[in-house]
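The primary structure of each chain is shown beneath.
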Amino acid sequence: MPTALRRRVSAVVAVLVALVMLTACSLSDFSPTDTPQASPTPTPSPTPTFDSQFTRDGTFQSHVDIDGVDFVYTIWPTKSTPRTNLWFPKGNKYFSFTLQAYDLDQELRDKFKTKRKVWLDRIRVDSETTTKSGAVERPYQLNARAKRITFDPEPVTNKNGMLITSPKGAFELRNQQIGDLAMDTKGVTLIFRATVWIQRSAGSKSYYKETIRQSVPIAIFQSGQPTEVTKIPVNAN
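Residues numbered from 1 in each chain as written. Predicted model: local features only at pLDDT ≥ 70, side-chain atom pairs only at ≥ 80, totals over all residues. Heavy atoms only, no water.

## Points about the overall build of the protein
Here is step 1 of the chain: Across its full length, the protein carries 3 helices and 10 strands.
Here is step 2 of the chain: Reading the helices (α) and strands (β) of the protein from amino to carboxyl end gives α-α-β-β-β-β-β-α-β-β-β-β-β.
Here is step 3 of the chain: Within the protein, the proportion of its 237 residues that are buried is 40%.
Here is step 4 of the chain: Counting only contacts in the protein whose residues sit at least 6 apart along the sequence, the fraction spanning at least 24 positions is 69%.
Here is step 5 of the chain: Total accessible area computed for the protein in this model is approximately 14300 Å², and 54% of it derives from carbon and sulfur atoms. (Helix = DSSP H or I, 4+ residues; strand = E, 2+ residues; numbered from the N terminus. Buried < 20%, exposed > 50% of the residue type's maximum accessible area, 1.4 Å probe, protein only. Contact = heavy atoms within 4.5 Å. Areas by Shrake-Rupley, 256 points an atom, 1.4 Å probe, with all protein chains shown as cover.)

Okay, structure coming up:
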């Protein structure tokens with residue numbers, strides 16, 4: 001074989017040997033423990049199967065207009081059970097609510113004497129559950145004279161009830177309990193009815209009666225664990 005050809009063959013062989021050695025080294029450095037690990041998939045948050053502003057936003061507020069008087073219901077979970085996405089069938093679940101009236105024929109900061117007075121006589125709350133089986137429970141009931149149960153022990157009152165015209169009056173009830181529910185419960189709907197007397201005009205002695213209604217859906221999430229309740233101070237809300 002000519003000298004030049006032998007040199008070329010030797011060079012090719014050397015390159016091949018080097019490649020084989022490099023491959024062997026790479027394989028020897030690889031072990032099963034070096035297999036790339038898949039990132040853990042985060043556990044998704046529970047998805048409600050019951051549409052609820054209260055659950056989604058962590059509060060519910062509605063505005064019911066009666067002849068220019070705006071009745072505002074506000075309902076929220078208390079600090080005992082603040083995480084509405086962890087309201088399960090078992091265990092107690094707590095909420096608070098208020099009702100206040102605004103005479104929108106006047107500016108918010110106008111003198112109080114220019115505003116129509118609204119008096120709350122009775123507050124009634126019923127409830128009903130929505131379940132997969134179709135069975136219905138009524139876990140929360142309330143029917144009382146407002147002035148006897150409101151948070152303020154000395155509300156402004158007259159023969160028609162307690163004053164709820166903003167900013168001097170408001171009805172408030174705290175830490176109301178919804179207890180154990182059937183395990184297939186998807187939601188609870190609270191139905192509010194307030195019997196009120198509305199002044200026909202500011203300073204008038206004439207009033208008329210109305211019932212202010214509002215439904216509030218609350219989603220319940222499936223779990224074998226009970227709703228966790230946190231102990232809170234007596235004045236917490």
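There is more to say, and it comes next.
## Overview of the pattern of salt bridges
Here is step 1 of the chain: Going through the model one piece at a time under the given rule, you end up with 9 salt bridges.
Here is step 2 of the chain: Two residues, Arg193 and Asp126, come together in a salt bridge whose shortest N-O distance is 2.8 Å. Within this pair, whereas Arg193 is found in strand β9 (residues 185-199), its partner Asp126 is found in strand β4 (residues 118-131), the two being separated by 67 residues in sequence.
Here is step 3 of the chain: For the salt bridge of Arg138 with Glu128, the shortest nitrogen-to-oxygen distance reads 3.6 Å. On the criterion of sequence distance, the pair formed by Arg138 in the loop between β4 and β5 (142-145) and Glu128 in strand β4 is long-range, its members being 10 residues apart. (Salt bridge = Lys/Arg side-chain N within 4 Å of Asp/Glu carboxyl O.)

## Points about the packing of aromatic side chains
Here is step 1 of the chain: On inspection of all chains with the given rule, the structure shows 6 aromatic pairs.
Here is step 2 of the chain: Relative to Tyr140, the ring of Phe95 has its centre 5.2 Å away and its plane inclined at 70°; by these criteria the two rings are edge-to-face. Within this pair, whereas Phe95 is found in strand β3 (residues 93-103), its partner Tyr140 is found in the loop between β4 and β5, the two being separated by 45 residues in sequence. Here the two residues Phe95 and Tyr140 agree in accessibility, since each one is buried.
Here is step 3 of the chain: What links up through ring pairs into an aromatic cluster is the set Tyr73, Phe95, Phe97, Tyr140, Phe171 and Phe192. (Phe/Tyr/Trp six-rings, centres within 6.5 Å; stacked < 30°, edge-to-face > 60°.)

## Section: unusual backbone geometry
Here is step 1 of the chain: Here the residue pair Ser166 and Pro167 is connected by a cis peptide bond, since its omega of 0° sits within 30 degrees of zero.
Here is step 2 of the chain: Mapped onto the fold, Pro167 is located in the loop between β7 (161-163) and β8 (171-178).
Here is step 3 of the chain: Phi is positive for Asp67, which is not a glycine, with a value near 55°.
Here is step 4 of the chain: For Asp67, the location among the structural elements is in the loop between β1 (60-66) and β2 (69-77).
Here is step 5 of the chain: Located in the positive-phi region is Asn175, a residue other than glycine, with phi close to 50°.
Here is step 6 of the chain: Note that Asn175 resides in strand β8.

## So, the nonpolar core
Here is step 1 of the chain: Grouped together as the largest cluster of nonpolar side chains are 38 residues, with contacts concentrated most on Phe71, Phe97, Ile164, Phe171 and Leu190.
Here is step 2 of the chain: Secondary-structure elements contributing two or more residues to this core are β1, β2, β3, β4, β5, β8, β9 and β10 (207-219).
Here is step 3 of the chain: The element best represented in this core is β9, accounting for 6 residues.
Here is step 4 of the chain: Phe97 has contacts with Thr74, Ile75, Trp76, Ile123, Val125, Tyr140, Leu142, Phe171, Glu172, Leu173, Gln176 and Phe192, leaving out every residue within four places of it along the chain. (Core = buried A, V, L, I, M, F, W, Y, C linked by side-chain atoms within 4.5 Å.)

## Topic: the environment of Val136
Here is step 1 of the chain: In this fold, Val136 is placed in the loop between β4 and β5.
Here is step 2 of the chain: Considering only alpha carbons, one finds Val136 and Thr185, 49 residues apart in sequence, at a separation of 9.0 Å.
Here is step 3 of the chain: In contact with Val136, other than residues within four places in its own chain, are Glu128 and Thr129.

## Quick notes on the side chain of Thr227
Here is step 1 of the chain: Take Thr227: it is sitting in the segment after β10.
Here is step 2 of the chain: A residue is classified by how much of its surface remains accessible, and Thr227, at 6% relative accessible area, is buried.
Here is step 3 of the chain: A polar contact is formed between the side chain of Thr227 and the backbone nitrogen of Phe88, at a distance of 2.8 Å.
Here is step 4 of the chain: Discounting residues that sit within four places of it in the chain, Thr227 has contacts with Thr81, Leu86, Trp87, Phe88, Lys90, Gly91, Asn92 and Lys93. (Polar contact = N/O pair within 3.5 Å; in protein donor to acceptor, adjacent residues only side chain to side chain.)

## Side note on the confidence of the model for the protein
Keep in mind that low pLDDT regions are not for reading the predicted coordinates in detail.
Here is step 1 of the chain: For the protein, per-residue confidence averages 86 on the pLDDT scale, and 79% of positions sit at 70 or higher.
Here is step 2 of the chain: Predicted confidence for residues 3-36 stays below pLDDT 50, and this span has 2 contacts to residues more than four positions away or in other chains.
Here is step 3 of the chain: Under a pLDDT of 50 for its full length, residues 38-45 has, in the predicted model, 0 contacts with residues more than four places off or in other chains. (pLDDT = per-residue confidence, 0-100.)

## Some words on the environment of Gly161
Here is step 1 of the chain: With respect to the secondary-structure elements, Gly161 resides in strand β7.
Here is step 2 of the chain: It is 5.0 Å that separates the C-alpha atoms of Gly161 and Leu120, two residues lying 41 residues apart in sequence.
Here is step 3 of the chain: Excluding residues within four positions of it along the chain, Gly161 makes contact with Trp119, Leu120, Asp121 and Val156.

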